[in-house]
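# Fold and contact review
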Amino acid sequence: MNDGLRELADRLEIRGTLEKEEYIELIQFRDSQLVEYLSQKARRIRRNQHTGAVLVQGLVHLSNYCRNDCYYCGMRRENRFVRRYRMEQQEILDCCARGYEKGLRSFLLQGGEDLYYTEKEVAQILEKIKKAYSDVSITLSLGEKSRQVYKAWYEAGADCYLLRHGTAVDSHYKKLHPGNMSLLRKKQCLWEMKEIGYQVGTGFLIGTPYQTIDQLAEELLFLKQLDPQLVSIGPFIPAANTPFEKQRAGNSDLTCYLLSLLRLILPSALLPAAGALTALDREGRRKALESGANAVAFDLTPDNYQDNGVLNGRRTGRHQRDRENLEGLIQRLEDTGYEIAASWRHEEWR
Ligand code: SF4
């Protein structure tokens with residue numbers, strides 16, 4: 001590691017931001033020493049910010065229908081090889097009840113952009129969960145909606161809204177999405193959520209086709225500007241039966257390195273260790289936590305809704321459920337030295 005890179009890493013830790021060219025240098029010229037130097041800083045910051053605790057969040061994947069056609073996504077509308085499902089209200093409530101019984105206090109209700117769920121129905125689900133369990137936090141991830149819908153769901157009890165922007169660079173966005181989708185609208189949604197009062201979550205993929213280091217630097221600048229409370233990043237994994245099925249997968253080491261940079265840029269953010277990392281590297285989750293991540297998902301979705309190309313057509317994070325139960329997951333984390341947090345409100349983690 002040369003002195004210039006060390007100085008950039010130190011400056012990032014102190015100021016929480018760098019110029020675009022400096023991010024490019026940190027990414028382009030990283031070596032194993034710099035990776036370790038930054039991950040040590042990231043671990044230290046996480047310990048100071050959150051007493052080192054790792055949030056275990058209950059994931060309910062309520063539907064894999066989607067009206068959109070993102071080129072990289074196995075759930076895209078045009079993928080006719082996916083066995084589609086959507087859960088009814090009671091099934092969703094049952095998933096949360098199961099998670100609550102097991103001690104989870106933070107739930108992520110996630111799905112494609114499925115118009116089946118109306119504003120009113122989602123609001124009812126939120127109200128019922130909050131009425132049954134006053135000590136849980138709920139993150140919704142149901143795609144782009146109008147400001148009015150976001151507001152209604154916030155008032156019904158949603159604490160956080162996760163809307164992954166995919167890429168912060170318009171020219172790149174256009175290469176990953178059909179012409180009827182707009183990065184501008186996605187960014188507008190994120191700013192609207194902030195105004196409404198949500199804890200805002202967003203994210204992007206590492207290693208999507210046409211992505212450059214220049215664009216990764218733009219991502220970091222955008223995230224600093226948005227200042228979200230949750231950032232979900234993961235490696236691109238080519239999904240079967242999509243336009244990108246023959247492309248190369250993203251890099252799990254680079255994903256972990258970016259987690260370290262993000263921990264320095266957004267010290268108190270929730271940074272999940274993506275399930276897709278485990279698909280590329282059996283040690284992916286451990287490495288992500290060592291790089292500064294502070295959350296893992298436990299999938300509460302019933303077994304009969306199998307992973308039908310949810311992420312990428314390969315078996316990915318969701319099949320972890322087959323091999324480990326929640327107790328096993330928590331035990332493994334504790335054995336590695338992590339405290340476990342069951343709930344999360346951003347202000348509690350500051
Ligand atoms: S990335 Fe999201 S919006 Fe795009 S096709 Fe997949 S589920 Fe739908």
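Heads up: these notes are all about the structure in this document. Here the structure is a predicted model, which means the values were calculated and not measured.

A tally of helices and strands in the protein yields 14 helices and 10 strands. Here the C-alpha radius of gyration of the protein, 19 Å, is about what a compact globule of 350 residues would show, namely 20 Å. Seen along its three principal axes, the alpha-carbon backbone of the protein occupies a region of about 60 × 45 × 40 Å. Partitioning the intrachain contacts of the protein with sequence separation of at least 6 by distance along the chain shows that 77% fall at a separation of at least 24.

Helix length check: helix α1 (residues 3–15) (13 residues) gives 18 Å between terminal C-alpha atoms against 18 Å at 1.5 Å per residue, within 8%. Along α1, the residues classified as buried are L8, A9 and L12. Projected down its long axis, α1 carries its buried residues within an arc of 95°, all on one side. Exposed and facing more than 90 degrees away from the buried side of α1 are D3, E7, D10, I14 and R15. Positive phi appears at G16, one or two residues downstream of α1, with a value of about 75°.

Around the ligand, the surrounding shell consists of C66, N68, C70, C73, M75, R76, G112, E113 and G143. The residue inventory of the shell around the ligand, partitioned by class, reads 4 nonpolar, 3 polar and 2 charged.

This next bit is on the environment of V60. Structurally, the position occupied by V60 is in strand β1 (residues 54–63). A residue is classified by how many C-beta atoms lie within 10 Å of it, and V60, with 24 of them, is buried. Not counting residues up to four positions away in its chain, the partners in contact with V60 are I92, C95, C96, F107, L109, Q110, L300 and T301.

Here we come to the pairing of strand β2 (residues 106–111). Where burial is concerned, most of β2 is hidden: 6 out of the 6 residues are buried. Neither face of β2 is left uncovered, since the one carrying S106, L108 and Q110 and the one carrying F107, L109 and G111 both have all their residues buried. Note on the crossover from β1 through helix α4 (residues 89–101) to β2: the handedness is right-handed. Pairing geometry for β2 and strand β3 (residues 137–141), over 5 bridges, is parallel. Following the sheet pairing, F107 is matched in β3 by I138. For the crossover that starts at β2, traverses helix α5 (residues 119–132) and ends in the parallel β3, the hand is right-handed.

Here P243 shows up in the loop between β8 (234–235) and α10 (252–265). Looking at P243, the number of C-beta atoms within 10 Å reads 16, which means it is partly exposed. Through-space distance from the C-alpha of P243 to that of G4 is 41 Å; in sequence the pair is 239 residues apart.

Most of strand β9 (residues 295–299) sits out of view: 4 of its 5 residues are buried. Pairing analysis gives 5 bridges linking β1 to β9, with the strands arranged parallel. Residue pairing for β9: L55 is matched across the bridge by A295.

Before going further, it helps to spend a moment on the nonpolar core. Among the nonpolar cores identified, the biggest contains 93 residues, and V60, Y161, L261 and L262 are the most heavily contacted of them. The element best represented in this core is α10, accounting for 8 residues. Leave out the neighbours within four places in its chain, and L261 touches L26, L38 and L220.

Residues of helix α6 (residues 147–156) that are buried include every one of Y150, W153 and A156, and no others. An end-on view of α6 places all buried positions within 130° of arc, on one side of the element.

If a residue is not glycine, its phi is most likely negative; likewise, a peptide bond is most likely trans. Unusually for a residue other than glycine, D227 sits at a positive phi of about 55°. Residue position: D227 is located in the loop between α9 (213–226) and β7 (230–231). Although it is not a glycine, N241 adopts a positive phi angle of roughly 65°. On the secondary structure map, N241 appears in the loop between β8 and α10. The partly exposed category is assigned to N241, around which 14 C-beta atoms lie within 10 Å.

Turning our attention to the packing of α1 against helix α2 (residues 20–28). Running from N to C, α1 and α2 point in directions that differ by 120°, and their axes come no closer than 10 Å. With respect to α2, the axis of α1 lies oblique. Here the hand of the crossing between α1 and α2 comes out left-handed. On α2, the residues that touch L5, L8 and A9 of α1 are E22, E25 and L26.

Reading the values: the criteria
Along each chain, numbering runs from 1 in the same order as the chain's sequence is written. Where totals are concerned, whole chains, interfaces and linings use all residues; where local detail is concerned, this predicted model gives features only for residues with pLDDT of at least 70, and gives and counts side-chain atom pairs only at 80 or more. We count a stretch as a helix when DSSP gives it H or I for four or more residues in a row; a strand needs E for two or more, and each element gets its number in order from the N terminus. Our radius of gyration looks at C-alpha atoms and nothing else; its globule reference is 2.2 Å times the residue count to the power 0.38. Two residues form a contact once the distance between their C-beta atoms, set from the backbone, is within 7 Å. Take the residue count of a helix, subtract one, and multiply by 1.5 Å to get its expected span. To sort residues by burial, count the other C-beta atoms lying within 10 Å of each one's C-beta; a count of 20 or more means buried, 12 or fewer means exposed, and anything in between means partly exposed. C-beta atoms are built from the backbone. Directions drawn from the helix axis to the C-beta atoms are what define this arc. Using a C-beta atom placed from the backbone, a residue is scored as near a molecule or strand whenever that atom is within 6 Å of it. Each residue gets one label: Ala, Val, Leu, Ile, Met, Phe, Trp, Tyr, Cys and Pro are nonpolar, Asp, Glu, Lys and Arg are charged, and the others, such as Gly, are polar. By convention, orient the strands away from the viewer: a clockwise path from the first strand over the helix to the second makes the crossover right-handed. When DSSP finds two or more bridges between two strands, those strands count as paired. The nonpolar core is taken to be a set of buried Ala, Val, Leu, Ile, Met, Phe, Trp, Tyr and Cys residues joined by way of C-beta atoms within 7 Å. Only the stretch in contact is used when fitting a helix axis, every axis being a line fitted to C-alpha atoms; angles between N-to-C directions are given from 0 to 180 degrees. For classification, angles of less than 35 degrees are called roughly parallel, those exceeding 145 degrees roughly antiparallel, those between 65 and 115 degrees roughly perpendicular, and all remaining angles oblique. Handedness of each helix crossing follows the sense of rotation of the near helix against the far helix: counterclockwise by less than a right angle gives left-handed, clockwise gives right-handed.

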